[in-house]
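Read off the chains here:
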Amino acid sequence: MSIDESAAHPEHHNQQPLTKELPDPMPDGSIFKRCSCRDTETGKLIGNQCPKLRRANGSWSSDHGHWHYQLELPKTADGRRRQLRRGGFNARTEAADELDQARSLLTLARRDRARSVEIGDMLQHVAHTRSPLPDPDETRRRLRTGGPLADAPTVAEHLTTWLTGLQIDENTILSYESHVRNHLIPHLGTIPLDKLRPHHIKNMFAAIEQRTAEVHAAKTSPDPKVRATVKGIRPCGPATRQRIRATLRKAINDALAEEIIVGITNPATLVKTRGDRPHPIVWEPERVEHWKTTGEIPGPVMVWTDELLAQFLDHAAEHDPDLHPLYHFMAYRGPRRGEACGLRDSEVRLDKREVTINNQIATHGHRMRQKPPKSKAGNRDLTIDADTAAVLTAYRARRAAQRLKAGPAWPDTGLFFVRPNGHPWHPNLVTQRFNKLVRRTGLPPIRLHDLRHGAATIALDAGIDIKVVSEQLGHTTTTLTRDTYQSVTKELHHNAADAVAERINEKRRRTA
């Protein structure tokens, strides 16, 4: 009987497996040929009954149909029968080889019922996804190490599943989702999770840095049409890149803890993001003149001089008296935007010139919710100066008059800074009004957050100890404060320069 004749109908296939012979009996399998032709009357598939599958002499046609195989799999965990069916092979030998590979995979479990079911699950998943069969040697290795048998999910598959199972702060989840959607999946999504290597992550950050440079160049272009092309696009700076890496590191750590992948070192821990936090640059008069001429902004983080800040606050007091006290508080004491908006009325002790930061307003799109500060160090006491105390005292009296006028309609938010109708300030609205005021004053541009940078810069420039400034800002350590702001403590640098000059001149006078 020829090979073609022996394969005329589904048959048992008992060739030797690709792996070494095991003492357990090989599972049976069958090989057959079929096509996709349909009955002209019923429209149903004819399958292996199609007359075109054979030549006139009864042998198989070489140009019609494809070879298939089927193999009985171990029953599911709940006892249901199932089969592995695979097809589309051009040659019978191709189908036979893969059948042998599938049979050898099943024998790897020996008589371990749980592992047999797991291998069956793996083969069933392979058939469903139309993926290649797993390598028997790799599967044997995974059996020895006790890890999962199925191929690891791609980075995109794992991150998508991982996000749905997180039970953490909603704002943190939104941050993770942004990193996953905008960076991790576009750059790394197709890579199997267990094949992810440090060079993949480094390439991602190189691409992000290049795009960031392009966006920054466009935003600082003197051509308004070029600036318009990146309107609303936020450059991905060093701090954001650090957070992206942290998101990936946690996702992979969770995969290792759940044994989705085993036996590897988290590649995200081996990659360091390049670039330091951008240092604040002061709008010195020469830089302001250059900006007025060219429209160029020296850097992503800019702070006003004392004179420019005073001009802005005077303008805000006249043209936006409802928000002027909040801007003054941010400019003098440096709280974050959400901390200023979420400042509790009960934590403002104007007679003692003290304020406690223990609450903030976070945003989800346009939705707001109150929550504690971002770190333990964020819960802090601030001592305010006499000018700030006077501004806040006048504001509290203004607010009392507004509340009296509103009567029962005034909401009890418990917040210190509120809108004229008593409702909380949405942080995004505070930013929008700030940007509008800056444009109208004609001052060189800064961001609302740069008021915080300015408060730190002015304090350090005045010779305030860096630990005091760090505590004022709510930093966990002085390292961040020093790395970010030390370069702008000009008064200290001037003193150092004068000391050097005085020492040299003293030696000159002695030798004269």
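Look up: the structure comes first, before these words.
About the criteria used
Residues numbered from 1 in each chain as written. Predicted model: local features only at pLDDT ≥ 70, side-chain atom pairs only at ≥ 80, totals over all residues. Heavy atoms only, no water. Helix = DSSP H or I, 4+ residues; strand = E, 2+ residues; numbered from the N terminus. Buried < 20%, exposed > 50% of the residue type's maximum accessible area, 1.4 Å probe, protein only. Polar contact = N/O pair within 3.5 Å; in protein donor to acceptor, adjacent residues only side chain to side chain. Phe/Tyr/Trp six-rings, centres within 6.5 Å; stacked < 30°, edge-to-face > 60°. Lys NZ or Arg CZ within 6 Å of the ring centre and 35° of its normal. Axes fitted to C-alpha atoms, helices over the stretch in contact; angles between N-to-C directions. Parallel < 35°, antiparallel > 145°, perpendicular 65-115°, else oblique. Left-handed = near helix turned anticlockwise from the far one by under 90°. Contact = heavy atoms within 4.5 Å. Nonpolar A, V, L, I, M, F, W, Y, C, P; charged D, E, K, R; others polar. Core = buried A, V, L, I, M, F, W, Y, C linked by side-chain atoms within 4.5 Å. Pairing = 2+ DSSP bridges. Salt bridge = Lys/Arg side-chain N within 4 Å of Asp/Glu carboxyl O.

Structurally, Gln-49 can be placed in the loop between β1 (29-34) and β2 (66-73). On the basis of relative accessibility, which here comes to 61%, the residue Gln-49 falls in the exposed class. Once the C-alpha coordinates of Gln-49 and Lys-33 are considered, the two residues, 16 residues apart in sequence, prove to be 9.5 Å apart. A polar atom in the side chain of Gln-49 sits 3.1 Å from the side chain of Asn-48.

On inspection of all chains with the given rule, the structure shows 13 aromatic pairs. Consider the rings of Trp-304 and Phe-312, whose centres lie 5.1 Å apart with planes at 35°: the pair is tilted. Both residues of the pair, Trp-304 and Phe-312, count as buried. Summarising the aromatic geometry, the rings of Phe-416 and Phe-417 are spaced 4.9 Å apart at their centres and angled 85° between planes, so their arrangement reads as edge-to-face. What makes Phe-416 buried here is its relative accessible area of 0%. Here the aromatic residues Trp-304, Phe-312, Tyr-327 and Phe-434 are joined through ring pairs into a cluster of three or more. Geometry around Trp-60 places Arg-54 over its ring, the cationic atom sitting 4.2 Å from the centre.

With that settled, consider unusual backbone geometry. The backbone phi angle of Arg-353 is positive, close to 55°, even though this residue is not glycine. Within the fold, Arg-353 resides in the loop between β6 (348-349) and β7 (354-357).

The next point concerns the packing of helix α7 (residues 198-219) against helix α9 (residues 238-257). Where α7 contacts α9, the two axes come as close as 11 Å, and the packing angle between them is 150°. By the angle between their axes, α7 is roughly antiparallel relative to α9. Read as a crossing pair, α7 and α9 show a hand that is right-handed. Seen from α7, the contacting residues are Ile-201, Met-204, Phe-205, Ile-208, Glu-209 and Thr-212; seen from α9, they are Arg-241, Ile-244, Arg-245 and Leu-248. Its residues placed into classes, the contact of α7 with α9 shows six nonpolar, one polar and three charged.

Bringing the side chain of His-64 into the picture now. Along the chain, His-64 turns up in the loop between β1 and β2. Ignoring sequence-local partners within four residues, the contact set of His-64 consists of Lys-33, Cys-35, Cys-37, Cys-50, Lys-52 and Leu-53.

Where a protein is soluble and globular, its nonpolar side chains tend to be buried together. Residues Trp-304, Phe-312 and Tyr-327 are the most contacted members of the largest nonpolar core, which totals 43 residues. Contacts of Tyr-327, omitting those with residues within four sequence positions, involve Phe-312, Leu-313, Ala-316, Val-430, Arg-433, Phe-434, Leu-437, Leu-448 and Leu-451. Val-155, Val-180, Met-204 and Cys-236 belong to the second-largest nonpolar core, a separate cluster that totals 27 residues.

Further remarks concern the sheet that holds β2. The three strands lie next to each other as β1-β2-β3, forming an open sheet whose pairing is antiparallel. Looking at the sheet topology across the chains shown, the edges are occupied by β1 and β3 (82-89). The mean inter-strand angle of the sheet, taken between neighbouring strand axes irrespective of direction, is 20°. The sheet contact formed by β1 and β2 spans six bridges and is antiparallel. In the strand pairing of β2, Phe-32 is matched with His-68. Sheet strands in contact with helix α2 (residues 92-107) are β1, β2 and β3, and its direction is about 15° off that of β2. Set on the sheet, helix α3 (residues 113-129) makes contact with β2 and β3; between it and β3 the angle comes to about 35°.

Moving on, we come to the pattern of salt bridges. The full count for this structure, using the stated rule, is 21 salt bridges. Through salt bridges with shared partners, a single ionic network connects Arg-336, Glu-339 and Arg-380.

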